[in-house]
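# Reading the structure
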Amino acid sequence: PFSGLVIFAEGGEDGDEESAWAMETTKRMPEAESPETQSRIDAAARILWDFHKLKEVIEPADVIVGLGSYDGAVAEECAALLLAGYGKAVIFSGREGNRTAGKSRLTEAEEFSRIAMVKGIAAEKIILEKEATNIGQNIAFSCDIIDSHGWNSAIFVTKPQTMRRVRLTLDRQDGLEKTFVTAPDYTIEEFIQKFGREQLFNEMAGDLDRIIKYPALGFQEAIAVPGNVMQAFETLKQCGFTNHLLK
């Protein structure tokens with residue numbers, strides 16, 4: 001089971017389009033879970049992981065866009081794609097989120113830029129977008145930059161568990177002729193080992209909450225959520241993974 005790997009990391013994720021969210025880790029007591037409950041939670045979490053994590057085939061595009069967060073592997077993936085010839089430049093988007101606010105004097109975009117340059121990306125290949133605080137803004141502000149350069153295609157790089165949200169948000173946008181969504185190739189076990197079970201499970205439940213509710217607010221395209229995914233969502237909520245749900 002995943003439950004033995006509970007490592008909390010400093011860092012953040014996006015705010016909500018209409019309200020900020022907070023990770024209140026004191027709400028749950030994972031040590032009180034029975035083995036049966038842990039198994040049920042882990043099975044539900046894997047279903048959500050498989051739903052959120054897309055398997056798009058990417059092609060070379062005009063630009064690569066790295067969506068800011070607490071996970072520097074996103075910046076590393078952007079650097080690898082640029083070095084492999086998948087884009088002409090990279091845009092790093094993000095000011096701060098609830099998990100990165102106050103953690104660094106740098107914005108998420110600046111921190112990602114630093115990581116990319118360590119990986120061999122020249123400064124002149126990097127464009128910074130330093131105002132976005134959520135996925136919707138990441139995409140909207142980055143698309144403004146893309147349009148100003150006359151580019152028509154982009155590869156958006158995010159965390160595995162936010163891939164579907166990014167795709168649905170992009171599908172709501174106008175302007176780009178071709179978009180791709182990709183992420184560092186984590187397994188769920190690897191992500192838990194790096195960032196913690198509680199953080200991931202809360203985030204995945206919250207992201208599904210947004211996939212369900214955001215279309216009515218105009219933030220994302222609507223999608224039919226499979227029954228087994230909805231059941232897994234209810235399991236995580238019933239077991240206390242509610243800190244990232246919309247308020």
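Model, not experiment: these values are computed from the prediction. (Residues numbered from 1 in each chain as written. Predicted model: local features only at pLDDT ≥ 70, side-chain atom pairs only at ≥ 80, totals over all residues. Heavy atoms only, no water.)

### Quick notes on the overall build of the chain
Convention followed: Secondary structure elements are taken from DSSP: a helix is a run of H or I of four residues or more, a strand is a run of E of two residues or more, and numbering for both begins at the N terminus. In what follows, a contact means two residues having at least one pair of non-hydrogen atoms within 4.5 Å. Under the convention used here, a 1.4 Å probe and the Shrake-Rupley method define accessible areas, while residue burial counts only the protein chains that appear.
On a plain count of helices and strands, the chain comes out with 8 helices and 5 strands. Counted from the first residue to the last, the chain has its helices and strands arranged as α-β-α-β-α-β-α-β-α-β-α-α-α. Look at the contacts in the chain between residues 6 or more apart in sequence, and 80% of them connect residues 24 or more apart. Of the roughly 10700 Å² of accessible surface on the chain, a fraction of 50% belongs to carbon and sulfur atoms.

### Comments concerning the packing of aromatic side chains
Applicable threshold: Between rings of Phe, Tyr and Trp, where Trp is taken as its six-membered ring, a pair exists when centres lie within 6.5 Å; planes separated by under 30 degrees are stacked, by over 60 edge-to-face, and by other angles tilted. For the exposure calls, accessible area comes from a 1.4 Å probe over protein chains only, and a residue counts as buried if that area is under 20% of its type's maximum, exposed if over 50%, partly exposed in between. Definition used: whenever NZ (Lys) or CZ (Arg) falls within 6 Å of the ring centre and also within 35 degrees of the ring normal, the charge is taken to sit over that ring.
On inspection of all chains with the given rule, the structure shows 7 aromatic pairs. Here Tyr-214 and Phe-219 contribute two aromatic rings whose centre-to-centre distance is 4.9 Å and whose plane-to-plane angle is 85 degrees, an arrangement assigned as edge-to-face. In this structure Tyr-214 comes out as buried when scored by relative accessible area, which is 0%. Taking relative accessible area as the criterion, Phe-219 reaches 26% and is therefore assigned partly exposed. Looking at Arg-164, its charged tip hangs above the ring of Phe-51, at a distance of 4.1 Å from the centre.

### Things to note about the sheet that holds strand E3 (residues 126-129)
Test applied: Two strands qualify as a pair provided DSSP detects at least 2 bridges between them. To get an axis, fit a line to the C-alpha atoms, keeping to the stretch in contact for a helix; angles then go from 0 to 180 degrees between the N-to-C directions.
One open sheet accounts for 5 strands, arranged E3-E2-E1-E4-E5; its pairing is parallel. Across the chains shown, the open sheet's two edge strands, defined by having one partner strand only, are E3 and strand E5 (178-182). This sheet shows a mean twist of 20 degrees between the axes of neighbouring strands, independent of strand direction. Where strand E2 (residues 89-93) lies against E3, 4 bridges are found, and the strand directions are parallel. Bridging from a neighbouring strand, Ser-93 pairs with Glu-129 of E3. Helix-sheet contacts for helix H5 (residues 163-170) involve strand E1 (63-67), strand E4 (153-157) and E5, and the interaxial angle to E5 is about 165 degrees.

### Some points on the side chain of Thr-107
Mapped onto the elements of the fold, Thr-107 is located in the loop between E2 and helix H3 (108-118). Filtering out sequence-adjacent residues up to four positions away, Thr-107 remains in contact with Gly-94, Arg-95 and Lys-130.

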